Amino acid sequence: MDTAPALDSVFSLAGRRALVTGGIGAAVVARLVEAGVAVTLADLDTDGAATADRLGATFVACDVTDAAQLGAAADTAAGDSGLDICVNNAGIFPTTGPMQSASDDFVARMLEVNVRAVFSAAREAANRMPNGGSIVNMASIAALGGGAGISAYSASKAAVVSMTRAHAIELGPQGIRVNAIAPGVIDTPGVQAQLEPLRASGIDIDKRIAANPLGMAGQPDHIARGVMFLVSDLAAFVTGQVLVIDGGATA
Ligand SMILES: NC(=O)c1ccc[n+]([C@@H]2O[C@H](COP(=O)([O-])OP(=O)(O)OC[C@H]3O[C@@H](n4cnc5c(N)ncnc54)[C@H](O)[C@@H]3O)[C@@H](O)[C@H]2O)c1
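Residues numbered from 1 in each chain as written. Predicted model: local features only at pLDDT ≥ 70, side-chain atom pairs only at ≥ 80, totals over all residues. Heavy atoms only, no water.

Chemist: Explain the pairing of strand β4 (residues 85-88) to me, using residue names and the numbers behind them.
Modeler: Across the two faces of β4 the burial is the same, with Ile85 and Val87 and Cys86 and Asn88 all buried. Pairing of strand β1 (residues 17-21) with β4, which is carried by four bridges, proceeds in the parallel orientation. Among the inter-strand pairings, threonine 21 is bridged to a residue of β4, identified as asparagine 88. Note: β4 against strand β5 (residues 133-138), four bridges, orientation parallel. What sits directly across from valine 87, in β5, is valine 136. After leaving β4, the chain enters helix α5 (residues 104-126) and then returns to the sheet as β5, a path that is right-handed. (Buried < 20%, exposed > 50% of the residue type's maximum accessible area, 1.4 Å probe, protein only. Helix = DSSP H or I, 4+ residues; strand = E, 2+ residues; numbered from the N terminus. Pairing = 2+ DSSP bridges. Right-handed = clockwise from strand over helix to strand, strands pointing away.)

Here it is, written out as structure tokens:
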């Protein structure tokens, strides 16, 4: 039996290099930078430049549906030594509405951003991980159960889970671990925008956001903590898995 490494070395991410895309990504960037990782944040929204600057990360304007832009962002993130970590957060979650009136264009766009671009990002990252690495894809608890009015989103996130498992099997021999996180409702600008119509109709959306056994609103940092586990050597023997972080909503 191997001697177990010291706990601080298992936690340590110092000197590693990471690519992080969008959204909850800002909280992930903050934690990775805190851990001594050189982080590149790639986002369509150039407001991310100020966030990256504040957090001590590099910003690259990038539409994740454009493989060339993704490749350029991954090059920046990898530098000369190669990439160690890729966190695929960027995604869209417009409400599908009744499936009987969802257009093909709507469904295609959902799959384009939430599935095809995540595949491309995983490929661009894996191609720049000569020393092995860790990829984390943001799925959703919507991947694990259905829900009226969110069928296109559910389908896209279920595809992320399947892709994660398949990539884990394929990339394991190269020392690349691939896992997904399935967040419950997390208080982000995207969620606030989605729930705003409920607020306008008098529904207490903050109560909705905190509707889980722990009774508290999920915050981006709750997801970032899960990312830190999965990308660190704490999870050295974990691949192809989905970590549900939802305050027990699906318990
Ligand atoms: N917030 C939640 O409750 C929740 C729950 C489950 C899963 N998720 C998933 O977590 C991820 C992040 O969600 P969020 O709540 O932070 O969303 P958000 O809407 O607040 O942020 C999404 C980010 O993705 C970026 N983005 C969108 N399209 C892009 C593109 N084509 N190229 C580059 N960047 C693009 C946006 O600019 C934005 O920064 C998404 O994949 C989402 O599906 C979120």
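Chemist: Requested: an account of helix α7 (residues 189-200), with residues and values cited.
Modeler: Since the α-helix advances by 3.6 residues per turn, residues separated by three or four positions end up pointing in the same direction. Helix length check: α7, at twelve residues, gives a terminal C-alpha distance of 16 Å against a target of 16 Å (1.5 Å per residue), a fit within 8%. What α7 keeps buried is the set Val191, Gln192 and Leu195. Along α7, the residues classed as buried sweep out an arc of 90° about the axis, all on the same side. Pointing more than 90 degrees away from the buried face of α7 are the exposed residues Pro189, Ala193, Pro197 and Ala200. Here the buried face of α7 lies against α8 (205-209). (Expected span 1.5 Å × (residues − 1). Arc of directions from axis to C-beta. Contact = heavy atoms within 4.5 Å.)

Chemist: Outline the sheet that holds strand β2 (residues 38-43), supporting the account with residue identities and numerical values.
Modeler: Pairing is parallel across the open sheet formed by seven strands, whose spatial order is β3-β2-β1-β4-β5-β6-β7. A single partner strand is all that each edge strand has here, and the edge strands are β3 (58-61) and β7 (242-245). Between one strand axis and the next, the sheet turns by 20° as a mean value, whatever way the strands run. Across four bridges, the pairing between β2 and β3 is parallel. Its bridge partner lying in β3, threonine 40 is registered against threonine 58. Relative to the sheet, helix α6 (residues 151-171) contacts β5, β6 (176-183) and β7, its axis offset from that of β6 by approximately 160°. (Axes fitted to C-alpha atoms, helices over the stretch in contact; angles between N-to-C directions.)

Chemist: Could you give an account of the site of the ligand, with specific residues and numbers?
Modeler: In the neighbourhood of the ligand, 26 residues make up the surrounding shell, with Ile24, Asp43, Tyr153, Ile186 and Thr188 lying closest. Between the ligand and valine 64 there is a distance of 2.9 Å, counted from a nitrogen atom to a backbone nitrogen or oxygen. Expressed as a share of its isolated accessible area of 830 Å², the protein-covered part of the ligand is 88%. For the shell around the ligand, the elements supplying multiple residues, two or more each, are α6 and α7. At three residues, α7 tops the list of elements feeding residues into the shell around the ligand. Classifying every residue of the shell around the ligand by side-chain character gives 14 nonpolar, eight polar and four charged. (Near = heavy atom within 4 Å. Polar contact = N/O pair within 3.5 Å; in protein donor to acceptor, adjacent residues only side chain to side chain. Areas by Shrake-Rupley, 256 points an atom, 1.4 Å probe, with all protein chains shown as cover. Nonpolar A, V, L, I, M, F, W, Y, C, P; charged D, E, K, R; others polar.)

Chemist: Quick rundown of the side chain of serine 120? Include the residues and the values.
Modeler: For serine 120, the position within the fold is in helix α5. Classification of serine 120 by relative accessible area gives buried; the value is 2%. Among the polar contacts listed, one links the side chain of serine 120 to the side chain of arginine 116, at a separation of 2.9 Å.

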